[in-house]
Amino acid sequence: MKAPIILITALLAVVSSAAGANGGSATDTTTGKFFVPLFAGDTTRLEGVLASREFTFRLPEHVRYLPGSQFKLVFRASPLLLPDVSTMTVSLNGRQLTSMRPVSGREKQPEKQTVAVDLDNETLQPGWNKLSVRCLLVTTATPCRDVDNPASWVELADGTGFDVSFADQALFPELQRFPDALGEPQLMRLGAQKTEPAVSLLLADNAGDTAWRGVVVAAARLGQLLYLDDEDVRVSSVKDFAAKSAHSNGVIVAKREDLATADLPVEFGLPLRGLKNGEGFLGEFITGEPARGQRRWIVVSGA
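Residues numbered from 1 in each chain as written. Predicted model: local features only at pLDDT ≥ 70, side-chain atom pairs only at ≥ 80, totals over all residues. Heavy atoms only, no water.

A. Summary view of the overall build of the protein. A count of helices and strands for the protein gives six helices and 16 strands. Within the protein, residue pairs in contact and separated by at least 24 positions form 80% of the contacts whose partners lie at least 6 positions apart. In the form shown here, the protein has an accessible surface area of approximately 15100 Å², with 50% of it arising from carbon and sulfur atoms. (Helix = DSSP H or I, 4+ residues; strand = E, 2+ residues; numbered from the N terminus. Contact = heavy atoms within 4.5 Å. Areas by Shrake-Rupley, 256 points an atom, 1.4 Å probe, with all protein chains shown as cover.)

Written as structure tokens, this is what we have:
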């Protein structure tokens, strides 16, 4: 079964084109919100008179973004800052979101504050986004300022991030976006408790070395997605397809005869019927209905 491993290599090199027809209408189905934390951990601190920091985060490309999203800034500031001079400015993708004075002058101890900023519909972008925080943190009115003064600080706290409004859309095959197309739903669950893997890798119980090599290569490519960890990608039997496909996207690497004995959607096996010995198949299928949730499955097989 050499042809399938050649085909999965082509897939993982992202040189193949999308297979199959459009997976349904473009009508929006479910709407909702998900939270994207700005940073990992509980806090991050900006220090110095001219403190600044840039944060990058990624949004999935398989949903549409709706009005109603917000940026939430949770922070504490040094009570020694001069309120009439010190400022903090936040920009997203080059557009200023807000500019404020981080202290009022009445604080005796650092107090946690929360600022919510409504976002225009075009502010958030599918893919990579960049948020910039720039501060002028002044503690003395003297002309000679200590730019590294340890009393000049702002601390961003847990809860800082984006409440993102979205609408599901009908999926269609996008092999050229592997592995992102399989892994990106996890971007909507960052920080949430994990109950199911984001991506399942399925193969037959009696899989040989060739199938296992294909699964290893697929796992390695998925491992390049920094937002996936060890718990997000799991290997299982193709017999578990019904349970796995209800909660995750996935890749199946198996011989034609192994797929024929598994409980899989009929459309998975149709392209394999005409294969001759030594020929392989690579295809992406969309399972489920838009109104109930859809999943992507890539099948690598051969005769």
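B. Structural context of helix H3 (residues 209–222). If you check H3, its first and last C-alpha atoms are 20 Å apart, about what 14 residues at 1.5 Å a residue would give, namely 20 Å. Those residues of H3 that sit buried are Ala211, Gly214, Val215, Ala218, Arg221 and Leu222. Mapping the buried residues of H3 onto a view down its axis gives an arc of 125 degrees, with all of them on the same face. Opposite the buried face of H3, by more than 90 degrees, sit the exposed residues Asp209 and Val216. (Expected span 1.5 Å × (residues − 1). Buried < 20%, exposed > 50% of the residue type's maximum accessible area, 1.4 Å probe, protein only. Arc of directions from axis to C-beta.)

C. Focus on the pattern of salt bridges. Throughout the structure, instances matching the rule amount to 14 salt bridges. Measuring nitrogen to oxygen at the nearest pair gives 4.0 Å for the salt bridge that ties Glu47 to Arg45. The partner of Lys130 in a salt bridge is Glu54, and the shortest N-O contact between them spans 3.9 Å. Here Glu54 lies in strand E3 (residues 52–59) and Lys130 lies in strand E9 (residues 127–136), a separation of 76 residues in the sequence. With relative accessibility at 36%, the residue Lys130 sits in the partly exposed group. For Glu54, a relative accessible area of 45% puts it in the partly exposed group. (Salt bridge = Lys/Arg side-chain N within 4 Å of Asp/Glu carboxyl O.)

D. Spatial organisation of empty space enclosed by the protein. Evaluation of the coordinates by the stated rule reveals one cavity of 30 Å³ or more. Of the voids in this model, the largest cavity is the one considered here, and its volume is about 30 Å³. Lining the largest cavity are Tyr65, Leu66, Pro67, Gly68, Ser69, Leu119, Asp120, Asn121 and Leu124. When grouped by side-chain class, the residues that make up the lining of the largest cavity number five nonpolar, three polar and one charged. (1 Å grid on protein atoms, 1.4 Å probe; cavity = no way out; pocket = protein on both sides within 12 Å on 5 of 7 lines; lining within 4 Å. Points joined across faces, edges and corners; volume = space filled by probe spheres on them. Nonpolar A, V, L, I, M, F, W, Y, C, P; charged D, E, K, R; others polar.)

E. Summary view of the sheet that holds strand E6 (residues 87–92). Spatially, E3-E9-E6-E7 is the arrangement adopted by the four strands of the open sheet, whose pairing is antiparallel. Here the strands that pair on one side only, and so sit at the sheet edges, are E3 and strand E7 (95–100). Within the sheet, the average angular offset between the axes of one strand and its neighbour, ignoring direction, is 15 degrees. Two strands pair when backbone bridges link them, and E6 and E7 are joined in this way by five bridges, in the antiparallel orientation. Bridge pairing in E7 places Ser91 opposite Gln96. (Pairing = 2+ DSSP bridges. Axes fitted to C-alpha atoms, helices over the stretch in contact; angles between N-to-C directions.)

F. Quick peek at the sheet that holds strand E13 (residues 233–237). Sheet architecture is open: five strands sit in the order E13-E12-E14-E16-E15, paired in mixed fashion. The sheet is open, and its two borders are formed by E13 and strand E15 (280–289), each paired with just one other strand. Across the sheet, the mean angle separating the axes of adjacent strands is 20 degrees when strand polarity is ignored. Two elements, strand E12 (residues 199–203) and strand E14 (residues 249–253), share five bridges in a ladder whose sense is parallel. Of the residues in E14, the one forming a bridge with Leu203 is Val253. Each of E12, E13 and E14 is contacted by H3, which is oriented at about 170 degrees to E12, the strand it contacts most.

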